[in-house]
Amino acid sequence: MRRWNGWGDEEDREELGAELLAFLREHIGPGRPREDLSLAQALAAVPPPRLPTSTRFSQDSELRLRHARGQSFADYLALRSGDPGPLAEAVALPGTHEETAEALAEAGRLGAIVIAYGGGTSVAGQLQVPRGERPVLNISLARMNRLLGIDERAQLARFGAGTPGPQIEAQLRGYRALLGHFPQSYRHSTLGGWVMTRASGQQSLRYGSIGQLFEGGRLITPGGELSFGGTPAAGSGPDLRELLLGSQGRLGLLTEVSVRIRGLPEHEDFHAVFFPDWENALEAARSIAQAELPLSMLRLSNELETETRMRRSGHAQSIKWLQRYLGMRGVGGGQCMMLFGASGSLAGVRRMRREALALAKRWQGVHVGKLIGQSWRKNRFRSPLLRNALWEQGYAADCVASTVNWPAATGLMRAVERAAREALAAMGERVHVCTHLSQVGRQGCSLCTSLVWPLQAEREADLALWQRLRLATAEATHAHGGSLSHQQAPAPGGDEFGLRLLRAAAAALDPGQMMNPGKLF
Ligand SMILES: Cc1cc2nc3c(=O)[nH]c(=O)nc-3n(C[C@H](O)[C@H](O)[C@H](O)COP(=O)(O)OP(=O)(O)OC[C@H]3O[C@@H](n4cnc5c(N)ncnc54)[C@H](O)[C@@H]3O)c2cc1C
């Protein structure tokens, strides 16, 4: 059962560990644990629905509460405080395309706004129910979680749009195939959600972004139905799939998604390389990306993230030996850790590893083998659980993700980290701030800056502090040539003409403005 007010399932736990906790206390002061409101208390405050009962929508209070928010910091804070804000009046859980169409038609008759709900992992506030006179209904795709068809020769598979990551790969494994889309939210996010948020995966370097994997599907809109795909590319004219990618449920409900799959790799390896400083490490990452080695992932931690990861590892003795070895090889304080992965045939993986390590060596990289990489692979979907563990110790956590061209990456990273520190210093607080780079390409990369700070005495103060952090880091990102990911609204100074085009598309598909109006465009 999913946790109602945090990440993961009820039984999933991740401990911070004594060393990391001591490190945080030293860096940003002691945490200030706060009592959460219980599910029972939150349920007692759920207002009665404002709509008549219906066979297609459930008015069950717990179901409504569980669909109230996503996973942004504001969502997390709202749920932990037991005050999720406005709720949808009811939730539909259709099992087929036809049932989804019926639910949408009924919502239309009721004059309601509809918010599509995939895995509920949105960090951009798109699932938040707006306040207002107009009733809101959730349509959850959770029951549409099956493989609907597979064409092994064309390497295509069609799934219900609500299928979460693990169920996609489990169902494909029987055909010795894989999709290969692994966002960090993989355990709970869904195929439809990935398309609607243009999600990126940890191994997109090899398997492609969701934009490349999304082959087609079926979309139900208030204005009619659309089918996409069926051929390798749009024969003529613009490709409507592009319009859907990242549209956050504003244009309609995606019920079925066809994706490009491939055979399971014969072999997969993950390696760790340490660099003496960030500058060398970044140049190594850039050279590897621009050499276009068909690696499956590359992730580079900056100085403080490397140190934080070492302290969290829980293997003090092994880390001591590792540091002794690195010291002998000229890698000491200020070190940065790179992980890279290679997937494919055994010979191909060996060749990629050789070439990547040769490039890393040019930038003073020291290869330390596969152990750290294997452990990353094993635990890669568990790190979001740390947010729960931090909260229990009285700390808040969030991250800021952006994309940037290579030449601006270091400046942007330092500016965002500085902006976060200064914003909190102005409020008399300290923040633990560290960054990693991933999603590398020839032009640039993504940066993900993690922020941890002590909780305040009450929710309003936490929210004010978080908003200050968001504003400061967003300004620094835009001022240094970056583009923020996971935004609720377009970037300031965005293309107004482009937005008008998108609004015109929405008006054609959704003339009554039913589909999550007011979000994104
Ligand atoms: C811990 C954590 C790690 C994350 N890691 C990554 C990452 O590595 N890469 C990344 O890109 N993102 C990441 N995210 C963000 C989030 O997981 C992605 O945006 C994901 O694609 C959302 O999928 P979902 O199924 O949860 O969609 P939801 O959160 O349920 O919905 C997202 C949006 O899509 C709409 N929507 C969902 N399904 C449909 C549908 N079938 N039809 C129409 N509209 C629909 C919703 O209305 C909403 O606007 C992370 C989030 C968390 C909390």
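Just so you know, these numbers come straight off a predicted model, no measurement behind them. (Residues numbered from 1 in each chain as written. Predicted model: local features only at pLDDT ≥ 70, side-chain atom pairs only at ≥ 80, totals over all residues. Heavy atoms only, no water.)

## Focus on the overall build of the chain
And then number 1: Looking only at helices and strands, the chain features 19 helices and 18 strands.
And then number 2: The C-alpha atoms of the chain give a radius of gyration of 23 Å, which matches the 24 Å a tight globule of 521 residues would have.
And then number 3: Per-residue burial for the chain yields a buried fraction of 53% across its 521 residues.
And then number 4: Looking at the chain alone, contacts between residues at least 24 apart form 76% of all its contacts between residues at least 6 apart.
And then number 5: Carbon and sulfur atoms make up 52% of the accessible area of the chain, which amounts to about 22,600 Å² in all.
And then number 6: Side chains of the chain give 60 positive and 51 negative charges; the mean places of these two sets differ by 5 Å. (Helix = DSSP H or I, 4+ residues; strand = E, 2+ residues; numbered from the N terminus. Rg over C-alpha atoms; globule rule 2.2 N^0.38 Å. Buried < 20%, exposed > 50% of the residue type's maximum accessible area, 1.4 Å probe, protein only. Contact = heavy atoms within 4.5 Å. Areas by Shrake-Rupley, 256 points an atom, 1.4 Å probe, with all protein chains shown as cover. Lys, Arg positive; Asp, Glu negative; His and termini not counted. Charge placed at Lys NZ, Arg CZ, Asp CG, Glu CD.)

## A few points about the site of the ligand
And then number 1: For the ligand, the set of nearby residues contains 33 residues, the closest of which are Ala-116, Thr-121, Ser-185, Thr-190 and Thr-197.
And then number 2: In the model, an oxygen atom of the ligand is placed 2.6 Å from a nitrogen or oxygen of the Thr-190 side chain.
And then number 3: Within the backbone of Leu-254, a nitrogen or oxygen atom sits 2.9 Å from a nitrogen atom of the ligand.
And then number 4: Bound to the protein, the ligand loses 92% of the 970 Å² it would expose on its own.
And then number 5: Contributing elements (two or more residues each) for the shell around the ligand: β2 (113-117), α7 (191-197) and β9 (253-260).
And then number 6: Classifying every residue of the shell around the ligand gives 14 nonpolar, 19 polar and no charged. (Near = heavy atom within 4 Å. Polar contact = N/O pair within 3.5 Å; in protein donor to acceptor, adjacent residues only side chain to side chain. Nonpolar A, V, L, I, M, F, W, Y, C, P; charged D, E, K, R; others polar.)

## Quick look at the nonpolar core
Within soluble globular proteins, side chains that are nonpolar generally end up buried alongside one another.
And then number 1: The biggest cluster of nonpolar side chains holds 38 residues, and the ones touching the most others in it are Ile-288, Leu-295, Leu-298, Leu-300, Met-338, Trp-406 and Leu-437.
And then number 2: Among the elements of the structure, β11 (267-275), α11 (278-290), β12 (297-301), β13 (336-344), α14 (346-362), α17 (409-425), β17 (444-454) and α18 (459-479) are those that each provide at least two residues to this core.
And then number 3: Residues lining this core come from more than one domain, with at least three contributed by each of domain 2 (267-380) and domain 3 (386-484).
And then number 4: Filtering out sequence-adjacent residues up to four positions away, Leu-300 remains in contact with Trp-278, Ala-281, Leu-282, Ala-285, Cys-336, Met-337, Met-338, Thr-435, His-436 and Leu-437.
And then number 5: Formed by 35 residues, the second largest nonpolar core is a distinct cluster that contains Ala-161, Trp-194, Val-195 and Tyr-207. (Core = buried A, V, L, I, M, F, W, Y, C linked by side-chain atoms within 4.5 Å. Domains from an automatic or database assignment.)

## Some words on helix α19 (residues 496-509)
And then number 1: Taking 1.5 Å of rise per residue, 14 residues should cover 20 Å, and α19 covers 20 Å from first to last C-alpha, within 8% of that figure.
And then number 2: Buried positions along α19 lie against β7 (214-221), β8 (224-228) and α10 (240-244). (Expected span 1.5 Å × (residues − 1).)

## Things to note about the UniProt feature "binding site: FAD" (unreviewed entry) in the chain
And then number 1: According to UniProt, the feature "binding site: FAD" (unreviewed entry) maps to Thr-197, Arg-198, Ala-199 and Ser-200 in the numbering used here.
And then number 2: Following the sequence through the fold, Arg-198 ends up in the loop between α7 and α8 (204-207).
And then number 3: The class of Arg-198 is partly exposed, set by a relative accessible area of 43%.
And then number 4: Contact partners of Arg-198, with chain neighbours within four places excluded, come to Ile-210, Glu-242, Leu-245 and Gly-246.
And then number 5: Residue position: Ala-199 is located in the loop between α7 and α8.
And then number 6: Beyond its immediate chain neighbours, meaning those up to four positions away, Ala-199 contacts His-181, Trp-194 and Ile-210. (UniProt positions renumbered as here; feature names shortened; annotations may be inferred.)

## Digging into the domain arrangement of the chain
And then number 1: By domain assignment, the chain separates into domain 1 (147-263), domain 2 (267-380) and domain 3 (386-484).
And then number 2: Once you take the C-alpha centre of each, domain 1 and domain 2 turn out to be 31 Å apart.
And then number 3: Opposite the eight residues of domain 1 that make contact, domain 2 presents 11 residues.
And then number 4: Counting the surface lost from both domain 1 and domain 2, the interface buries some 750 Å², and carbon and sulfur atoms represent 44% of this.
And then number 5: Of all residues in domain 1, Gln-202, Gln-203 and Arg-206 bury the most surface against domain 2, accounting for 67% of the area lost on that side.
And then number 6: If you look at where domain 1 meets domain 2, you find zero salt bridges.
And then number 7: Counting every contact that joins domain 1 to domain 2 gives five residue pairs in polar contact (both at pLDDT 80 or more). (Buried area = accessible area lost by both parts, 1.4 Å probe. Salt bridge = Lys/Arg side-chain N within 4 Å of Asp/Glu carboxyl O.)

## As for the UniProt feature "binding site: substrate" (unreviewed entry) in the chain
And then number 1: Under the present numbering, the feature "binding site: substrate" (unreviewed entry) in UniProt falls on Arg-387.
And then number 2: In this structure, Arg-387 sits in helix α16 (residues 386-392).
And then number 3: Taking the relative accessible area as the measure of exposure, Arg-387 reaches 14% and is therefore buried.
And then number 4: Of note is the side chain of Arg-387, whose polar atom sits 3.1 Å from the backbone oxygen of Gln-71.

## Structural notes on the side chain of Thr-449
And then number 1: Mapping Thr-449 onto the fold places it in strand β17.
And then number 2: Looking at Thr-449, the relative accessible area reads 3%, which means it is buried.
And then number 3: A polar atom in the side chain of Thr-449 sits 2.9 Å from the side chain of Thr-435.

## Some words on the sheet that holds strand β4 (residues 147-151)
And then number 1: Strands sit in the order β4-β5-β9-β7-β8 across an open sheet of five strands; the sheet is antiparallel. Sheet topology places β4 and β8 at the edges, where each strand pairs with a single neighbour. Taking the axes of each pair of neighbouring strands and ignoring which way they run, one obtains an average angle of 10° across the sheet.
And then number 2: Judged from the five bridges that link them, strand β5 (residues 156-160) and β9 form a sheet pairing that is antiparallel. Directly across from Gly-160, in β9, lies its bridge partner Glu-256. (Pairing = 2+ DSSP bridges. Axes fitted to C-alpha atoms, helices over the stretch in contact; angles between N-to-C directions.)

## Notes on the sheet that holds strand β1 (residues 90-92)
And then number 1: Pairing in this open sheet of three strands is parallel, and the strands run β1-β3-β2 from one edge to the other. This sheet does not close on itself; its edge strands, each paired only once, are β1 and β2. Geometrically, the sheet is characterised by an average inter-axis angle of 30° between neighbouring strands, direction not taken into account.

## Re the pattern of salt bridges
And then number 1: A complete count under the given rule lists 31 salt bridges for this structure.
And then number 2: The salt bridge partner of Arg-66 is Glu-62, with a shortest N-O separation of 3.0 Å. Here Glu-62 and Arg-66 lie together in helix α3 (residues 61-66), a separation of four residues that amounts to about one turn.
And then number 3: Exposure remark for Glu-62: the relative accessible area of 25% places this residue in the partly exposed category.
And then number 4: Linking Glu-106 and Arg-109 is a salt bridge whose minimum nitrogen-to-oxygen distance equals 3.8 Å. Separated by three residues within a single helix, Glu-106 and Arg-109 lie in helix α5 (residues 97-109), roughly one turn from each other.
And then number 5: When its relative accessible area of 11% is taken as the criterion, Glu-106 is described as buried.

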